[in-house]
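Summary of structural features
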Amino acid sequence: MSQLAVTVIGPDRPGIIADVTEALAGTGVNLEDSTMTLLRGHFAMMIVCSGSLDEVQTAIEPLRGDLVITVRAMGPEHEHAAIGPSYLLSVHGADRPGIVAAVTRMVAAVGGTITDLATRLSGELYVLTAEVELPLTADLETLERALEITAEELGVGVTLSPAESDDL
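Everything in this summary refers to the structure shown in the same document. Model, not experiment: these values are computed from the prediction.

Take the overall build of the chain next. Looking only at helices and strands, one finds 4 helices and 8 strands in the chain. Reading the chain from its N end, one meets helices and strands in the order β-α-β-β-α-β-β-α-β-β-α-β. Each principal axis of the C-alpha atoms in the chain carries an extent, and together these give about 50 × 35 × 25 Å. Contacts in the chain between residues far apart in sequence, at least 24 positions, make up 69% of those at least 6 positions apart. Accessible area for the chain stands at about 10,200 Å²; split by element, carbon and sulfur atoms hold 54% of it. Distance from the positive charge centre (8 side chains) to the negative charge centre (25 side chains) of the chain: 10 Å.

Attention shifts here to the sheet that holds strand β6 (residues 113-122). The 4 strands lie next to each other as β6-β7-β5-β8, forming an open sheet whose pairing is antiparallel. With partners counted over all chains shown, the strands left at the sheet margins are β6 and β8 (156-162), one partner each. Adjacent strand axes in the sheet meet at a mean angle of 10°, parallel and antiparallel pairs treated alike. Across 9 bridges, strand β5 (residues 86-94) lies against strand β7 (residues 125-133) in antiparallel orientation. Note on β7: the bridge partner recorded for tyrosine 87 is valine 132. Relative to β6, helix α3 (residues 99-109) is tilted by about 155°, and along the sheet it contacts β5, β6, β7 and β8.

Residues Ile99, Val103 and Val107 constitute the buried set of α3. Projected down its long axis, α3 carries its buried residues within an arc of 55°, all on one side. Of the residues in α3, the exposed ones pointing more than 90 degrees away from the buried face are Ala101, Arg105 and Ala109. Residues of α3 that are buried in the fold lie against β5, β6, β7, α4 (140-154) and β8. Looking at the residues trailing α3, positive phi occurs at glycine 111, about 85°.

A positive phi angle is found at arginine 40, which is not glycine, with a value near 50°. Overall, the relative accessible area of 64% leaves arginine 40 in the exposed class.

A word on the sheet that holds strand β3 (residues 42-51). If you trace the 4 strands from one edge of the open sheet to the other, you get β2-β3-β1-β4, paired in antiparallel fashion. Strands at the two margins of the open sheet, each flanked by one partner only, are β2 (30-39) and β4 (68-73). The mean inter-strand angle of the sheet, taken between neighbouring strand axes irrespective of direction, is 10°. Here β2 pairs with β3 via 9 bridges, running antiparallel. In the strand pairing of β3, methionine 36 is matched with methionine 45. Along the sheet, helix α2 (residues 53-60) makes contact with β1 (2-11), β3 and β4, crossing β4 at roughly 175°.

Relative to each other, α3 and α4 sit at 165°, their axes nearing to 9 Å. The angle between α3 and α4 falls in the class roughly antiparallel. Crossing angle aside, the handedness with which α3 passes α4 is right-handed. Within the contact between the two elements, α3 uses Ile99, Ala102, Val103, Met106 and Val107 and α4 uses Leu143, Ala146, Leu147, Thr150 and Leu154. Partitioning the contact of α3 with α4 into residue classes produces 9 nonpolar, 1 polar and no charged.

How each quantity is defined
Sequence positions are assigned chain by chain, starting from 1 and proceeding in written order. Per-residue local features of the predicted model are confined to residues with pLDDT of at least 70, and side-chain atom pairs are confined, for both listing and counting, to 80 or more; whole-chain, interface and lining totals are unaffected and use all residues. The side-chain values count all of the structure's non-hydrogen atoms but skip hydrogen atoms and water molecules. Only runs of H or I of at least four residues qualify as helices and only runs of E of at least two qualify as strands under DSSP, and these elements are numbered from the N terminus. Here a residue-residue contact requires only that any non-hydrogen atoms of the pair lie within 4.5 Å. For the accessible areas, the method is Shrake-Rupley and the probe is 1.4 Å, while residue cover comes only from the protein chains on display. His residues and chain termini do not enter the charge count, which takes Lys and Arg as positive and Asp and Glu as negative. For this purpose, a charge sits on NZ of Lys, CZ of Arg, CG of Asp or CD of Glu. Strand pairing is defined by DSSP finding a minimum of two bridges between the two strands. Every axis corresponds to a line fitted to the C-alpha atoms, with the helix fit spanning only the stretch in contact, and the corresponding angles, defined between N-to-C directions, vary from 0 to 180 degrees. Exposure categories follow from relative accessible area, calculated using a 1.4 Å probe and restricted to protein chains: below 20% of the type maximum is buried, above 50% is exposed, and the middle band is partly exposed. In this description, the arc belongs to the directions extending from the helix axis to the C-beta atoms. The labels follow the angle: roughly parallel below 35 degrees, roughly antiparallel above 145, roughly perpendicular from 65 to 115, and oblique for the rest. Throughout, a crossing is termed right-handed when the near helix is turned clockwise from the far one, and left-handed when it is turned anticlockwise from it by less than a right angle. By the convention adopted, Pro, Cys, Tyr, Trp, Phe, Met, Ile, Leu, Val and Ala count as nonpolar, Lys, Arg, Asp and Glu as charged, and the other residues, Gly among them, as polar.

Now the structure itself:
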């Protein structure tokens, strides 16, 4: 059994998730981590699972066509060790190039890491939401001020707030 990464991209239609997960379940694969979303009418899915590369590729083959599907073996799992508390970062305003780059650069500058990020363009409104981890040594006030300055330069609004823990 290998740890596998399965990606699926294509025009959205009903049943993609059911088709792919049914094919995987038929090989005995258990979904470990996954994310699935719609992007401008196109479906995108990433799955991490454990199973036989050859069996999964064979099971997925009939689903190709208008879907681009890749299956690849992953290296050894690297446990993500949290570097500090989680925060929710949101940005909204008029769309323009460079928003993601500028805002994520500010997070990286204090040693933070992005653990989840999504963007949406709705008409002229651009919305970015991200979950970020910041090291305990990060100067939160300095980061907030840097984000405010960056947001002002970009003509967008920005908020950074503590995230609730998802520990069970």
